[in-house]
Amino acid sequence: MTPSDADLAVMVLCASDANQIWYEAGVMAGGNPALPKKGAPGIAYVTDEHWMVLGQLRCDDLFIARGKNVYYGLILRCVAAVGPFRPGDHLVTVRGTMDPLEWANDACAEVLVSAPGAPGAVGSGFWGVYASMTVRQMDGGRLTGTAAQAIADLVKAAPAPVYLVGHSLGAALATYLAADLQAALSPLGVDFIPAFFASPKPGSSDFVDGYQARVSAYTLVDFAADLVPMLPSSPPSAALRAGGILHNVKMLQRGSPGSPPWPELNPVRNHDPARYALMLDPANATARALLGA
């Protein structure tokens, strides 16, 4: 299943909401996040109107709250239809780094290390965060097993399609999670729809070739004027590749409807998930409102 551009616009705004919830979760996101109420400022779709929370992702952070175990996203079940999601569907949304410029500095310094259980190499900083990922209940109790297996166990209670989204650093982490989550969900026979936005390069060329063979379907969306997907800039690093209708790589072009005025090169604006949403779907009123357009 390849989501439409309008559906992708909703999905990237859900990834943006995971970022925004960081700010509401307490100092350096050390506390347990609450699901925003309908109409909460700065929130697009991840509210109690459309979702119930099954659990939260936690990681040992290497980027903002260095060395601390913090909130990194949510596992949700849909209770009211919105965008591509129908009641019962699941959404795993992984947050990114909260300061794009700080993230870019980290990304420039990335080095590659061997990819555990896969060919090629992965970004050491990205993988260090992902390797620490666990799933906790909202009261803080940790679920057993790997993050992927814990998510699959939550889905098993009411099997239904699973969407996975991430933006920026969240896209790199979601890329790694997708391979493990597809394997964990396989016995359940549910549809799995991962989508990555504004993603840095997750690993070496042979890693991304092997990844395409391991993960049956994914969508990657980047913007040609966004600096983050160009990082790390060292030649061994590569972006996920296109391959038929199931491995969909979409490059949003400069000057397309909804894009920032060209030739403006504002790193923060060009990386904004709401800007991605507007370029994907210029009719998306929620993206327009978030951008003040």
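For the structure, check the block above.
Here the structure is a predicted model, which means the values were calculated and not measured.

> Got a minute to help me understand the pattern of salt bridges in this structure?
Opposite charge on two side chains permits pairing when their charged atoms draw close. Within the structure shown, the criterion is met by six salt bridges. Between Asp48 and Lys37 there is a salt bridge; the shortest N-O distance is 3.4 Å. Of this pair, Asp48 sits in the loop between helix H1 (5–24) and strand E1 (51–60) while Lys37 sits in the loop between H1 and E1, placing them 11 residues apart in sequence. The exposure class assigned to Lys37 is exposed, which follows from its relative accessible area of 58%. Its salt-bridge partner being Lys156, residue Asp153 comes within 3.7 Å of it at the nearest N-O pair.

> Honestly, helix H8 (residues 273–280) in this entry has me stumped. Any pointers?
Within H8, eight of the eight residues are buried, leaving the element largely enclosed by the surrounding structure. Every buried residue of H8 is listed here: Pro273, Ala274, Arg275, Tyr276, Ala277, Leu278, Met279 and Leu280. N-capping of H8 is provided by Asp272, with a side-chain oxygen placed 2.9 Å from the backbone N of Ala274.

> Explanation requested: helix H4 (residues 147–156) in the structure shown.
Helical geometry note: an α-helix holds 3.6 residues per turn, so side chains three or four residues apart project in the same direction. Of all 10 residues making up H4, seven are buried, and the element is well covered by its neighbours. Among all positions of H4, only Ala147, Ala148, Ala150, Ile151, Ala152, Leu154 and Val155 are buried. Those residues of H4 that are buried lie in contact with E1, strand E2 (69–78), strand E3 (90–94), strand E6 (134–136), strand E7 (162–167) and helix H5 (169–185).

> Would you mind going over the pairing of E3 with me for this structure?
Side-chain positions along a regular strand alternate between the two faces of the sheet. Across the five residues of E3, five count as buried, placing the element largely inside the fold. Here E3 shows a buried face lined by His90, Val92 and Val94 and a second buried face lined by Leu91 and Thr93. Pairing of E2 with E3 involves five bridges; the strand directions are antiparallel. Along E3, the bridge assignment pairs Ile75 with Val92.

So, how was this worked out
- Residues numbered from 1 in each chain as written.
- Predicted model: local features only at pLDDT ≥ 70, side-chain atom pairs only at ≥ 80, totals over all residues.
- Heavy atoms only, no water.
- Salt bridge = Lys/Arg side-chain N within 4 Å of Asp/Glu carboxyl O.
- Helix = DSSP H or I, 4+ residues; strand = E, 2+ residues; numbered from the N terminus.
- Buried < 20%, exposed > 50% of the residue type's maximum accessible area, 1.4 Å probe, protein only.
- Polar contact = N/O pair within 3.5 Å; in protein donor to acceptor, adjacent residues only side chain to side chain.
- Contact = heavy atoms within 4.5 Å.
- Pairing = 2+ DSSP bridges.

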